[in-house]
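Observations on the model geometry
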Amino acid sequence: MSPGMDALRVDVAIIGGGAAGLMCARVAGLRGRRVLLIEHAERVGKKILMSGGGRCNFTNTGTSAANFISANPHFCKSALARYTPQDFIALVDKHGIAWHEKELGQLFCNDSSRQIVRMLLDECAAAGVRVETRCSVVRVQQHDRGFALTTTLGEVRAQALVVASGGLSIPRMGATGFGYALARQFGLAVRPTRAGLAPLTLSGTHQQNYHDLSGVALPVEARCNGQRFRAGLLITHRGISGPAILQISSYWQPGDDLRLNLLPDDDAFDALRAQQRAHPDAELRSVLAELLPRRLAQRLCELALPSLPMRQYRGAELRVFAAQLQAWPLVASGSEGYRTAEVTLGGVDTDALSSSTMESREVPGLYFIGEVVDVSGHLGGYNFQWAWSSAHAAGMVA
Ligand SMILES: Cc1cc2nc3c(=O)[nH]c(=O)nc-3n(C[C@H](O)[C@H](O)[C@H](O)COP(=O)(O)OP(=O)(O)OC[C@H]3O[C@@H](n4cnc5c(N)ncnc54)[C@H](O)[C@@H]3O)c2cc1C
């Protein structure tokens, strides 16, 4: 493929060499299709490389539709059922990649996420896939019951076009709005996008109340809009982070009520009453420091009620304070946005696609897979599983 030469003819052109694009290329290639994978960055799989702290949380054994956010919560079911976490684990095992379960079904490489990229590239090579990096698609048109692509490396004619260009998160890793623009060009609806799995920011007095506690971490249950996640909280200079916050951030929008249960494993009133009986002369803040990180305990006392010896509190006062500890309000001002978000919420409207093949209902031969689609997973390996499953669905038919 070089500029100025005759168009390269392939059966399937795939735009985007990330998790979904690589898997789709492999599956279509194994069916004997001539596949061209186009990636505009200098290498494929950059997000895989940076994922899971460099160890790629490549799936979750507990994957179900309940772990995904979409305007149509049923859309993901068919693809997930036909290419399951077990299927991906079998592939990983075939390549001798050692892995471990961290918690709650989250599977990570023992060694490095580089192994997952290597595995996918080896699979693509074995399936005869042609991979072009540093190649940008300039224009796409329907042509002769297929597609004509103008790329920086020349013209391409493809019977099927698979868009696997990902979402908007982490622009410095090559994220673009390309897939959404292409969807609109072909008349597919795109649902509004926003950053998901992102830290939240605090501002004004809300930030002043906590910013000097930066580095404090504790288990909490974060609640918002009827959703709840029990996991770690981390206080940062700019706001709050940690898995519980990343998870709830996908359900939070400015102005929404966000509550933290700071003692998710205890009945706070029982715990305070027990401390009052055991240590009547101890001050509230030192009692609280037995239950929570010391610096946070001190701050909560400053914010909620003066720290007195425990015997001086009436039961009703302790009951009110306990209720506060189990539904502590945090007024977030915003999210850290796409700069750090792990995923993009929203995207190509699932109503426009077949759930069993990912093909456009209106434009035969045009497919959308992975994060560009309005299906976003919770934290914990679900987003890669969606990439593998949706890619497999399209790769089996494109
Ligand atoms: C820091 C971080 C850590 C993460 N960790 C995990 C994890 O451990 N487990 C998990 O399940 N999920 C994780 N995720 C989410 C996961 O990485 C994504 O959901 C997944 O990569 C989406 O796959 P995709 O193939 O749809 O998109 P991507 O992986 O984003 O791939 C899209 C590709 O298309 C290319 N591209 C874009 N536009 C064009 C264009 N115009 N022309 C050519 N190429 C183009 C991009 O360069 C990119 O290579 C993480 C995300 C981040 C940001």
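Residues numbered from 1 in each chain as written. Predicted model: local features only at pLDDT ≥ 70, side-chain atom pairs only at ≥ 80, totals over all residues.

Let us look at the overall build of the protein. When helices and strands are tallied, the protein shows 13 helices and 21 strands. C-alpha extents for the protein along the principal axes are approximately 85 × 40 × 35 Å. By the burial criterion, 46% of the 398 residues in the protein qualify as buried. Long-range contacts, defined as pairs at least 24 residues apart, comprise 73% of the intrachain contacts of the protein with a sequence gap of at least 6. (Helix = DSSP H or I, 4+ residues; strand = E, 2+ residues; numbered from the N terminus. Buried ≥ 20, exposed ≤ 12 C-beta atoms within 10 Å, placed from the backbone. Contact = placed C-beta atoms within 7 Å.)

This paragraph deals with the site of the ligand. Near the ligand, the surroundings consist of 37 residues, among which G16, G18, G166, G174 and G370 are the closest. When contributions to the shell around the ligand are tallied by element, the ones reaching two or more residues are α1 (19–30), α2 (46–50) and α13 (382–395). When residues of the shell around the ligand are assigned to their parent elements, the largest contribution, four residues, is made by α13. Here the shell around the ligand is built from residues that sort into 15 nonpolar, 17 polar and five charged. (Near = placed C-beta within 6 Å. Nonpolar A, V, L, I, M, F, W, Y, C, P; charged D, E, K, R; others polar.)

For the rest of this paragraph, the subject is the sheet that holds strand β5 (residues 99–101). Strand order in the open sheet formed by three strands is β3-β6-β5, with antiparallel pairing between adjacent strands. Each edge of the sheet is formed by a strand with only one pairing partner; in this case those strands are β3 (57–60) and β5. Strand-to-strand, the axes of this sheet are offset by a mean angle of 25 degrees, without reference to chain direction. Pairing of β3 with strand β6 (residues 106–109), which is carried by three bridges, proceeds in the antiparallel orientation. Bridging across to β6, N60 finds its partner in Q106. Against the sheet, helix α4 (residues 85–94) engages β3, β5 and β6, with an angle of about 140 degrees to β3. (Pairing = 2+ DSSP bridges. Axes fitted to C-alpha atoms, helices over the stretch in contact; angles between N-to-C directions.)

You can read the domains of the protein as domain 1 (8–195 + 342–395) and domain 2 (200–335). Once you take the C-alpha centre of each, domain 1 and domain 2 turn out to be 39 Å apart. Its residues placed into classes, the side of domain 1 that touches domain 2 shows four nonpolar, two polar and one charged. (Domains from an automatic or database assignment.)

With that settled, the discussion passes to the sheet that holds strand β14 (residues 227–235). Spatial ordering of the open sheet is given by β17-β16-β13-β14-β15-β12-β18, a layout of seven strands whose pairing is antiparallel. In this open sheet, the two strands that pair with only one neighbour each are β17 (328–330) and β18 (334–335).

Grouped together as the largest cluster of nonpolar side chains are 77 residues, with contacts concentrated most on A13, I14, C24, V162 and I369. Once you skip the residues sitting within four places of it in the chain, V162 turns out to touch V12, I14, C24, Y367, I369, A394 and A398. Among the nonpolar cores identified, the runner-up in size contains 33 residues, and A198, F229, L258 and L260 belong to it. (Core = buried A, V, L, I, M, F, W, Y, C linked by C-beta atoms within 7 Å.)

Before going further, it helps to spend a moment on unusual backbone geometry. The phi torsion of most residues other than glycine is negative, and most of the peptide bonds are trans. For R134, which is not a glycine, the phi torsion comes out positive at approximately 50 degrees. With respect to the helices, strands and loops of the structure, R134 is situated in the loop between β7 (130–132) and β8 (137–143).

What follows is about helix α11 (residues 294–304). Here α11 has its buried residues at A297, L300 and C301. Buried residues of α11 fall within an arc of 100 degrees about the axis and therefore sit on the same side. Looking at α11, the residues exposed on the side facing more than 90 degrees away from the buried face are E302 and L303. The inward-facing, buried residues of α11 abut α10 (284–291). (Arc of directions from axis to C-beta.)

On to the packing of α10 against α11, then. Remark: α10 packs on α11, axes separated minimally by 8 Å, with the N-to-C direction vectors making an angle of 135 degrees. The angle between α10 and α11 falls in the class oblique. Seen along the crossing, α10 lies across α11 with a hand that is right-handed. Two secondary-structure elements touch here, α10 through L284, R285, L288 and A289 and α11 through R294, A297, Q298, L300 and C301. Looking at the contact of α10 with α11, its residues break down into six nonpolar, one polar and two charged. (Parallel < 35°, antiparallel > 145°, perpendicular 65-115°, else oblique. Left-handed = near helix turned anticlockwise from the far one by under 90°.)

When β8 meets strand β9 (residues 146–151), the two strands line up antiparallel, connected through six bridges. Bridge assignment links V137 to a residue of β9, and that residue is T151. Connecting the antiparallel pair β8 and β9 is a turn made up of two residues, with D144 showing a positive phi of about 50 degrees.

With that settled, the discussion passes to the UniProt feature "domain: RsdA/BaiN/AoA(So)-like Rossmann fold-like" (unreviewed entry) in the protein. Per the UniProt annotation, the sites labelled "domain: RsdA/BaiN/AoA(So)-like Rossmann fold-like" (unreviewed entry) are residues 11–396. Between the first and last C-alpha atoms of residues 11–396 the distance is 13 Å; the span itself is 32% helix and 25% strand. (UniProt positions renumbered as here; feature names shortened; annotations may be inferred.)

Further remarks concern the packing of α1 against helix α5 (residues 114–126). For any two helices packed against each other, the geometry comes down to the angle between their axes and how far apart the axes lie. Interhelical geometry of α1 versus α5 gives an angle of 25 degrees and a closest axis separation of 8 Å. On the basis of the axis angle, α1 is roughly parallel to α5. At the point where α1 passes α5, the crossing takes the left-handed sense. Residue-level contacts link L22, M23, A25, R26 and G29 of α1 to L120, E123 and C124 of α5. Here the contact of α1 with α5 is composed, by residue class, of five nonpolar, one polar and two charged.

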